Amino acid sequence: MSADEVESEIHFMKTYSILKWDELIKLNNDRKLLSQKILLGFSTIEELLKQIKIELNILDTCQLKIDQEMKENDSEYINTEILTILSNRINDMYNNMFLLFPVEKNSLLEYIEFCSNNTLFITKCSNMLSTLMLKYHSDPEVYITAATYEFDERNDVELARQYFAKGLEHHKNCKSLYVEEFWVEVQHLEKTADASLSIAMGKYKNLIKQFEGDIEFHFILLDRAIKLSAVGELQCNIVRDMVNKYRHSELMWQKLAKIHFDGFIYHQETEQLYYDKNYTNSIRNCITTYEDGLKENLPLKNKHKLWNFYIGNIIEIRKSYRMKKETIRNFMNETMERAFQEAHYNKALSKAEHYIYWAKNTSKDCQKILRKAVEVVEDSVELWIHLISYYLRYDSLDMGIDAFQAGVRALTNKSMPLWEILILYLGNTHPKLLQQLYHEGSYFPFPEINFKIRSEYLEWSVVHNGILSTRELFIELKDIKPECKQLYTTMISFELTQNSGIFKLKTIRKLYNDLCNAFGQTDIKVWSDCIRFEYMHGSCKLVKEIYKASLLCLKPSLRNGMTKEFEVLKEEFVEDDPKDEGVIVIDDDE
């Protein structure tokens, strides 16, 4: 900067208290240091980005101060030279960064935004891009960013084309470059009222040839082409080629149905494309397209996929705002029934959620649909839940039990939700049957089920049969293999609540003794709970013996953890540290 510019900047900063004097000195020292590093080739991109951010913040602050002064003093006169000085410095820093280091998309976008907000730099920005595009950039997005800026902001399609061409020289297989280049031509086509059709069509034909057989790429080009409202020869050619090239692909029929749903109607006989604003026609054409596709000679696997696309789209339409009209509702209800039935008949309806949707929305026999569903998708918990719940809702207990038993056979260790449904129902209606169900569940040969059932059975027993019967039940249930830890802890909790807090100490000690013997090798918590019980209700003299026993029983890798847990318990319960009086034997209750 010239001496006058330096003086002007300092004057503005001091006058409007933008920076304190020591902050201003530091700022200028940092600027000088960075300039020296740039000259010597020692600067880093991080240092430049950091300083640019600082300068941009100062620029914003100065702009706000100027706007505030103009508003408060109702005057248009204020020296705005500071804005030019700061902007020039920022522009120079960006230039240095782009020339010294590889250009990144984000930093280029930030520079473009900076220039766009400062009209004096629009030309400088374009000049900088022209210089940058002469260099190789490893990131294709840099070329896209520069070309898009020239087209969108400068309305310069020729320069945009040059930048795309330059990018494609270095990145010949980069699809995003080709797509964005094509998108510029589509937009330019609309601006020129189809005058540039030959260029756009040429680009399209070359792309289709270069990426022949790439249906997804074809879809991307189609999406860009129909993004604008005008329907012309280019769009028609893309749809026509798509239909002709990929007629035996389920993905093509899905795509064609989707654009029909959006109002772009392709007439296969005339091979013409037009736009229809009437959404009733769009829905009907969408449905017809799927049905036409299903008539094609597709491989069975592909046809099943198309059925799934079709069913999914029916559900999507029925959930949309377009169902407000009664005629559309009636049409879609008929379509749903027909499509779901045919899909099931063709063994193409394979998703549980599709059957559930059908059952919930049918005007026919929901039970039959659900029965069909569990035959097809046997391992769906949700389907079995819906079927059993349906029977129980109408108190068809025999049918519900039959469905429950079939579901349990099909789901095995995943059948717990089915047990829960029947337990809840029988608890409110048939207590004797419930006890039988609990008994069967306790012996069901999957721990995922019988662990939970055994504990619930015990809880149910103590409420309905009392503690004496529950103790007998516990003895029976604890012998079922594998042993269930929760069964012991549940029984202990019941014993602790007997007789308003008065309980048999030896009974609970025996339960803890059995619990620790069964699970004490791998579970610190059973020992911790046992010690806690003695601290709270039993004898502190037993605590150390239990702790010693735990160290002998636990796996070596768990002993340090047990020691830490014991220290925590000792702090929680202030211990009198009783002397070691030898091994204590806990006798059974008399």
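Keep in mind the model is a prediction, meaning the values are calculated, not measured.

Trainee: Where do I start with the pattern of salt bridges in this structure?
Mentor: Overall, the coordinates contain 28 salt bridges when judged by the stated rule. Among the ionic pairs, R161 bridges to E185, the shortest N-O distance being 2.7 Å. On the criterion of sequence distance, the pair formed by R161 in helix 8 (residues 157-170) and E185 in helix 9 (residues 175-191) is long-range, its members being 24 residues apart. Grouping residues by exposure puts R161 and E185 together as buried. The residue K548 makes a salt bridge to E545 at a minimum N-O spacing of 4.0 Å. Placement of both K548 and E545 in helix 28 (residues 540-553) is noted, with a separation of 3 residues, approximately one turn of the helix.

Trainee: Could you clarify how one ought to interpret the packing of helix 24 (residues 466-478) against helix 25 (residues 485-496) in this entry?
Mentor: The relative placement of two packed helices is expressed as an angle between their axes plus a distance between the axes. Where helix 24 contacts helix 25, the axes come no closer than 11 Å and their chain directions differ by 165°. On the basis of the axis angle, helix 24 is roughly antiparallel to helix 25. In this structure, helix 24 meets helix 25 at a crossing whose hand is left-handed. Taken together, the residues of helix 25 that come into contact with helix 24 (itself represented by I467, T470, R471, F474, L477 and K478) are L487, Y488, M491, F494 and E495.

Trainee: Could you clarify how one ought to interpret the confidence of the model for the chain in this entry?
Mentor: Caution is warranted with low-pLDDT regions, since their predicted coordinates should not be read in detail. Mean pLDDT over the chain: 91, with 95% of residues reaching 70 or higher. Ranking the elements of the chain by mean pLDDT puts helix 1 (residues 3-15) last, at 83, and helix 13 (residues 250-261) first, at 97. The low-confidence segment residues 578-590 (pLDDT under 50) makes 18 contacts with residues lying over four places distant or belonging to another chain.

Trainee: What exactly am I supposed to notice about a nonpolar patch on the surface here?
Mentor: There is a patch of nonpolar side chains on the surface, built from L39, L40 and F42 and spanning about 410 Å² of accessible area. Locating L40 in the fold gives a position in helix 2 (residues 21-40). Under the relative-accessibility criterion, L40 is labelled exposed at 58%.

Trainee: Before we go on, may I ask you to explain helix 21 (residues 416-429) in this structure?
Mentor: When the terminal C-alpha atoms of helix 21 are compared, their 20 Å separation across 14 residues agrees well with the 20 Å that a helix rising 1.5 Å per residue should span. Three or more residues of helix 21 are buried, namely M416, L418, W419, I421, L422, I423, Y425 and L426. Buried-residue contacts for helix 21 involve helix 19 (381-393), helix 20 (397-411), helix 22 (431-442) and helix 23 (447-464).

Trainee: Looking at this structure, I do not really get the packing of aromatic side chains. What am I missing?
Mentor: Given two aromatic rings, their pairing is described by the distance between the two centres and the angle made by the two planes. Tallying each qualifying case throughout the model produces 28 aromatic pairs. Judged by centre distance (5.7 Å) and plane angle (40°), the ring pair of F340 and W358 falls under tilted. With F340 in helix 16 (residues 326-345) and W358 in helix 17 (residues 352-361), this residue pair connects regions lying 18 residues apart in the sequence. For the pair F340 and W358, one class covers both residues: buried. Among the aromatic residues, those joined into a ring-pair cluster are Y94, F98, Y111 and F114. The ring centre of W183 lies 5.1 Å from the NZ or CZ of K227, which sits over that ring. Sitting over the ring of F261, R322 keeps its end group 4.1 Å from the ring centre.

Trainee: In this structure, what is going on with the pairing of strand 2 (residues 272-275)? I would like to understand it.
Mentor: In regular strands, side chains alternate between the two faces of the sheet. Here 4 bridges tie strand 1 (residues 264-267) to strand 2, and the two strands are oriented antiparallel to one another. Its bridge partner being in strand 2, H267 is matched across the sheet by Q272. Here strand 1 folds back onto strand 2, and the loop between the two strands holds 4 residues, one of which, E271, carries a positive phi near 60°.

Cut-offs applied
- Residues numbered from 1 in each chain as written.
- Predicted model: local features only at pLDDT ≥ 70, side-chain atom pairs only at ≥ 80, totals over all residues.
- Heavy atoms only, no water.
- Salt bridge = Lys/Arg side-chain N within 4 Å of Asp/Glu carboxyl O.
- Helix = DSSP H or I, 4+ residues; strand = E, 2+ residues; numbered from the N terminus.
- Buried < 20%, exposed > 50% of the residue type's maximum accessible area, 1.4 Å probe, protein only.
- Axes fitted to C-alpha atoms, helices over the stretch in contact; angles between N-to-C directions.
- Parallel < 35°, antiparallel > 145°, perpendicular 65-115°, else oblique.
- Left-handed = near helix turned anticlockwise from the far one by under 90°.
- Contact = heavy atoms within 4.5 Å.
- pLDDT = per-residue confidence, 0-100.
- Patch = residues over 30% accessible without salt bridge, like charges linked within 9 Å, V, L, I, M, F, W, Y side chains within 5 Å.
- Areas by Shrake-Rupley, 256 points an atom, 1.4 Å probe, with all protein chains shown as cover.
- Expected span 1.5 Å × (residues − 1).
- Phe/Tyr/Trp six-rings, centres within 6.5 Å; stacked < 30°, edge-to-face > 60°.
- Lys NZ or Arg CZ within 6 Å of the ring centre and 35° of its normal.
- Pairing = 2+ DSSP bridges.

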